[in-house]
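The chain contents come next:
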Amino acid sequence: MKQRKVKVAIIGAGTAGMVAYQRARKHTDSVLLIEGKQYGTTCARVGCMPSKLLIAAADAAHAARSTGLFGITCPTVAVDGEAVMARVRSERDRFVASVVKSAENYPEQDRLHGNVRFASPHRLMVGDHTEVTAERIVIATGSRPHIPGFLKEAGDRLVVNDDLFDWHDLPASAAVFGPGVIGLELGQALARLGVRIRMFGVGGSLGSLQDPQLRDYALKTFNREFPLDPDADVTAVARSAEGVSISFKTADGKIVTEEFDCLLAATGRRPNIDGLDIQNADLQLDDQGIPVFNGYTLRCGDSHIFIVGDVNNEAPLLHEAADEGRIAGDNAGRYPDVRAGLRKVPLAVVFTDPQIASVGLTIQQVDERCRGHYAVGEVSFEDQGRSRVIGKNRGLLRVYGEHGSGLFMGAEMFGPAAEHIAHLLAWSAQRRMTVSEMLEMPFYHPVIEEGLRSALQDLSRKLSMGPAADSNCMDCGPGV
Ligand SMILES: Cc1cc2nc3c(=O)[nH]c(=O)nc-3n(C[C@H](O)[C@H](O)[C@H](O)COP(=O)(O)OP(=O)(O)OC[C@H]3O[C@@H](n4cnc5c(N)ncnc54)[C@H](O)[C@@H]3O)c2cc1C
Ligand SMILES: NC(=O)c1ccc[n+]([C@@H]2O[C@H](COP(=O)([O-])OP(=O)(O)OC[C@H]3O[C@@H](n4cnc5c(N)ncnc54)[C@H](O)[C@@H]3O)[C@@H](O)[C@H]2O)c1
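Just so you know, these numbers come straight off a predicted model, no measurement behind them.

## Some points on the overall build of the protein
For step 1, the next point in the chain: From N to C terminus, the protein includes 13 helices and 22 strands.
For step 2, the next point in the chain: Over its C-alpha atoms the protein spans a radius of gyration of 25 Å, differing by no more than 12% from the 23 Å that the globule rule assigns to 480 residues.
For step 3, the next point in the chain: Overall size of the protein, expressed as C-alpha extent along the three principal axes, is 75 × 65 × 40 Å.
For step 4, the next point in the chain: Burial analysis of the protein (480 residues in total) assigns 50% to the buried set.
For step 5, the next point in the chain: Once local pairs closer than 6 in sequence are excluded, the contacts in the protein between residues at least 24 apart make up 65%.
For step 6, the next point in the chain: Carbon and sulfur atoms make up 51% of the accessible area of the protein, which amounts to about 22,300 Å² in all.
For step 7, the next point in the chain: Placing the 52 positive and 60 negative side-chain charges of the protein at their respective mean positions leaves the two points 4 Å apart.

## Thoughts on the site of ligand 1
For step 1, the next point in the chain: Around ligand 1, the structure places 34 residues, and the nearest of them are Glu35, Thr42, Lys52, Asp310 and Leu318.
For step 2, the next point in the chain: At a separation of 2.5 Å, an oxygen atom of ligand 1 approaches a polar side-chain atom of glutamate 35.
For step 3, the next point in the chain: Within the contact set of ligand 1, an oxygen atom lies 2.7 Å away from a side-chain nitrogen or oxygen of lysine 52.
For step 4, the next point in the chain: Expressed as a share of its isolated accessible area of 1,000 Å², the protein-covered part of ligand 1 is 89%.
For step 5, the next point in the chain: Mapped onto the shell around ligand 1, the elements with two or more residues apiece are helix H1 (15-24), strand E2 (31-35), helix H2 (42-46), helix H3 (48-65) and helix H8 (318-334).
For step 6, the next point in the chain: Its residues placed into classes, the shell around ligand 1 shows 15 nonpolar, 14 polar and five charged.

## Here we look at the site of ligand 2
For step 1, the next point in the chain: What surrounds ligand 2 is a group of 23 residues, the closest being Val181, Ile182, Glu185, Pro316 and Val349.
For step 2, the next point in the chain: Here a nitrogen atom of ligand 2 and a backbone polar atom of glycine 178 are 3.5 Å apart.
For step 3, the next point in the chain: At a separation of 2.7 Å, an oxygen atom of ligand 2 approaches a polar backbone atom of proline 316.
For step 4, the next point in the chain: Mapped by element, the contributors of at least two residues to the shell around ligand 2 are helix H6 (181-192) and strand E18 (347-350).
For step 5, the next point in the chain: At three residues, the largest contribution of residues to the shell around ligand 2 is made by H6.
For step 6, the next point in the chain: Of the residues assigned to the shell around ligand 2, the class counts are 14 nonpolar, six polar and three charged.

## Points about the packing of aromatic side chains
A ring pair, where both rings are aromatic, is described by two values, the distance of the centres and the angle of the planes.
For step 1, the next point in the chain: On inspection of all chains with the given rule, the structure shows eight aromatic pairs.
For step 2, the next point in the chain: Judged by centre distance (6.1 Å) and plane angle (75 degrees), the ring pair of phenylalanine 150 and phenylalanine 177 falls under edge-to-face. Taken together, the residues span a long stretch of sequence, with phenylalanine 150 in the loop between strand E7 (143-145) and strand E8 (158-159) and phenylalanine 177 in strand E9 (residues 173-177) at a distance of 27 residues.
For step 3, the next point in the chain: Assessed through its relative accessible area of 4%, phenylalanine 177 is described here as buried.
For step 4, the next point in the chain: An aromatic cluster of three or more residues is present, and its members are Phe150, Phe177, Phe200 and Phe248.

## With respect to the sheet that holds E18
For step 1, the next point in the chain: The strand order E18-E19-E22-E21-E20 describes an open sheet built from five strands, whose pairing is antiparallel. Both outer strands of the open sheet, E18 and strand E20 (374-380), are each paired with one neighbouring strand and no more. The sheet shows a mean angle of 10 degrees between the axes of neighbouring strands, direction not considered.
For step 2, the next point in the chain: The pairing of E18 with strand E19 (residues 355-360) spans four bridges and is antiparallel. Among the inter-strand pairings, valine 349 is bridged to a residue of E19, identified as alanine 357.
For step 3, the next point in the chain: Against the sheet, helix H7 (residues 212-223) engages E20, strand E21 (396-402) and strand E22 (408-415), with an angle of about 10 degrees to E22.

## So, the UniProt feature "binding site: NAD(+)" (unreviewed entry) in the protein
For step 1, the next point in the chain: The positions that UniProt labels "binding site: NAD(+)" (unreviewed entry) are, in the present scheme, Gly178, Pro179, Gly180, Val181, Ile182, Gly183, Leu184, Glu185 and Gly268. These annotated residues cover 91 residues of sequence, and their C-alpha atoms lie no more than 13.4 Å from one another, placing them together at a single site.
For step 2, the next point in the chain: Along the chain, glycine 178 falls in the loop between E9 and H6.
For step 3, the next point in the chain: Sequence-distant contacts of glycine 178, that is, excluding residues within four places in its chain, are made with Gly183, Leu184, Phe200, Ala266 and Thr267.
For step 4, the next point in the chain: The buried category is assigned to glycine 183, whose relative accessible area is 0%.
For step 5, the next point in the chain: With residues near it in sequence (within four places) discarded, glycine 183 still touches Val176, Gly178, Gln188, Met199 and Ala266.

## Regarding the side chain of glutamine 384
For step 1, the next point in the chain: Turning to its location among the elements, glutamine 384 is positioned in the loop between E20 and helix H10 (385-389).
For step 2, the next point in the chain: Of the residues examined, glutamine 384 reaches a relative accessible area of 1% and is grouped as buried.
For step 3, the next point in the chain: Beyond its immediate sequence surroundings of up to four residues, glutamine 384 is in contact with Val447, Ile448, Glu450, Gly451, Gly479 and Val480.

## Description of the UniProt feature "domain: FAD/NAD(P)-binding" (unreviewed entry) in the protein
For step 1, the next point in the chain: According to UniProt, the "domain: FAD/NAD(P)-binding" (unreviewed entry) feature falls on residues 7-325.
For step 2, the next point in the chain: As annotated, residues 7-325 comprises 29% helix and 24% strand, and the C-alpha atoms at either end are separated by 17 Å.

## Examining the domain arrangement of the protein
For step 1, the next point in the chain: Under the domain assignment used here, the protein contains domain 1 (2-144 + 270-334), domain 2 (149-267) and domain 3 (347-462).
For step 2, the next point in the chain: The centre of domain 2, based on its C-alpha atoms, is set 30 Å off from the matching centre of domain 3.
For step 3, the next point in the chain: Contacts between the two partners involve 16 residues from domain 2, matched on the other side by 21 residues from domain 3.
For step 4, the next point in the chain: Roughly 1,700 Å² of surface becomes buried between domain 2 and domain 3 when both sides are summed, with 59% attributable to carbon and sulfur atoms.
For step 5, the next point in the chain: Aspartate 211 is paired through a salt bridge with arginine 398; the nearest N and O atoms lie 2.8 Å apart.
For step 6, the next point in the chain: At the surface where domain 2 touches domain 3, the tally comes to ten residue pairs in polar contact (both at pLDDT 80 or more).

## Overview of H3
For step 1, the next point in the chain: Here H3 is 18 residues long and its end C-alpha atoms lie 26 Å apart, about the 26 Å a rise of 1.5 Å per residue gives.
For step 2, the next point in the chain: On the buried face of H3, the contacting elements are H2, helix H4 (81-105), helix H5 (161-164) and H6.

## Some words on the packing of H3 against H4
For step 1, the next point in the chain: Running from N to C, H3 and H4 cross one another at 145 degrees; their axes reach a closest spacing of 9 Å. Handedness of the H3/H4 crossing: right-handed. Only Val84, Met85, Arg87, Val88, Glu91, Arg92 and Phe95 of H4 make contact with H3, whose side of the interface consists of Met49, Pro50, Leu53, Leu54 and Ala57.
For step 2, the next point in the chain: Of the residues assigned to the contact of H3 with H4, the class counts are nine nonpolar, no polar and three charged.

The rules we used
- Residues numbered from 1 in each chain as written.
- Chains lettered and ligands numbered in written order.
- Predicted model: local features only at pLDDT ≥ 70, side-chain atom pairs only at ≥ 80, totals over all residues.
- Heavy atoms only, no water.
- Helix = DSSP H or I, 4+ residues; strand = E, 2+ residues; numbered from the N terminus.
- Rg over C-alpha atoms; globule rule 2.2 N^0.38 Å.
- Buried < 20%, exposed > 50% of the residue type's maximum accessible area, 1.4 Å probe, protein only.
- Contact = heavy atoms within 4.5 Å.
- Areas by Shrake-Rupley, 256 points an atom, 1.4 Å probe, with all protein chains shown as cover.
- Lys, Arg positive; Asp, Glu negative; His and termini not counted.
- Charge placed at Lys NZ, Arg CZ, Asp CG, Glu CD.
- Near = heavy atom within 4 Å.
- Polar contact = N/O pair within 3.5 Å; in protein donor to acceptor, adjacent residues only side chain to side chain.
- Nonpolar A, V, L, I, M, F, W, Y, C, P; charged D, E, K, R; others polar.
- Phe/Tyr/Trp six-rings, centres within 6.5 Å; stacked < 30°, edge-to-face > 60°.
- Pairing = 2+ DSSP bridges.
- Axes fitted to C-alpha atoms, helices over the stretch in contact; angles between N-to-C directions.
- UniProt positions renumbered as here; feature names shortened; annotations may be inferred.
- Domains from an automatic or database assignment.
- Buried area = accessible area lost by both parts, 1.4 Å probe.
- Salt bridge = Lys/Arg side-chain N within 4 Å of Asp/Glu carboxyl O.
- Expected span 1.5 Å × (residues − 1).
- Left-handed = near helix turned anticlockwise from the far one by under 90°.

Below, the structure written as structure tokens:
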């Protein structure tokens, strides 16, 4: 068994771990980055990037099928599954290669391969070959798909996102379990690429939506494209001769059995904490077995250990993993001088069509924070000028503001260009702007952002801070 002594050890070379490594290295030369499997990160290999590549192909197919609205006919729209998946894989491989190259450029002595377990608070066992003693440790081990036991009945036809991006062709049909963020993004993309989809959920939730009005609107919209029951009563899942058979109760109480080529489990993710022998780290754990940590310093209790990215189970998103890696890397590097880092306003985007976006506090958090003294401004995109012009006139935006202070608190959106509008809203929230200050900003014409202005005007009026919206506002142009 080899022995290594270092100032900082980082477990996991995903996004959070690589950023932590780069930051810690600014404070000390004695940093070791340990990866259990392969370089390349979840984001590039099986997450953000390949999912968006599949969605881009689906968007192209959908756009080609939707030209009739403009008086343009595309005689036939054919999806070549092999070509679609070839592009997904080759572009994915480019993204992975660039990340692998960055990791391999780190000095050889700073890198180690092997699965890590804690032997004691300062001692790490790496595979069966090295014992590392570290003054400070950053846990950055990410998360993995969680598959409920009954779905395993699908046998070799059970797939998760990790498998999908290696496909060489598209299946004819897929049952998707979990209408969460991954299920909606991948399920809708497959449906638009011609795959017969049926989506099953439990408990009624939909994507990341917390506002009941948006959830109901979005549910109706998705159901126009493929059947989606967010609270399905599935009675059996079995591997059949041709694929997977799924029996479920319909709305009128009948049990129906439907055959699919495969079953995609998108039923949530679990932090990679259980394989770490974390009990040997002498940390206080929460009821899910995650070390209790400070969200501003990423430090576990008053220990020398930090926890970042998906593994801490707080905000499993790429930009949060990077921010946390930055804060923890700096703190581990200059330990014991531990400092609070800047945490940004919550921002999340789901790349469905229409897109889903959430900014700042949820409606439930606003209610709690403002003790009921808040108002909701709303706009429908169905009659919004620019959205109608481009044929994307579906969706709702709801913005939340506090009575008295007039502060903008948060928003949820299901609608066109949500990825862009969410940024304007997040930047405004982070600057702690009031609704009136947001309305002082320029809005061009005709743009989708004019819909945002309408929602803010509605909010301003409901907060008793502005006039009622003028339905014939000529300086706003028609259909804002
Ligand atoms: C399908 C999908 C789509 C997504 N789309 C988006 C998106 O559009 N936008 C967005 O913001 N987020 C998205 N995400 C989430 C985003 O990918 C994650 O939040 C982010 O990649 C987490 O980074 P990380 O560094 O915490 O983990 P990872 O990148 O998973 O890194 C963890 C590393 O730790 C290693 N490891 C684990 N255990 C050990 C051990 N015991 N010893 C040594 N090494 C170990 C792993 O091998 C891995 O390399 C998506 C996720 C998925 C699955
Ligand atoms: N665009 C993005 O930013 C993006 C995209 C993909 C993933 N992500 C990140 O990855 C995280 C994980 O995504 P996810 O979709 O795996 O988790 P999720 O929590 O969003 O969704 C899981 C879904 O599975 C459902 N479910 C659980 N058990 C089930 C069962 N037995 N049968 C049917 N449905 C069941 C849940 O009710 C939920 O709707 C997200 O929270 C997000 O942070 C982000």
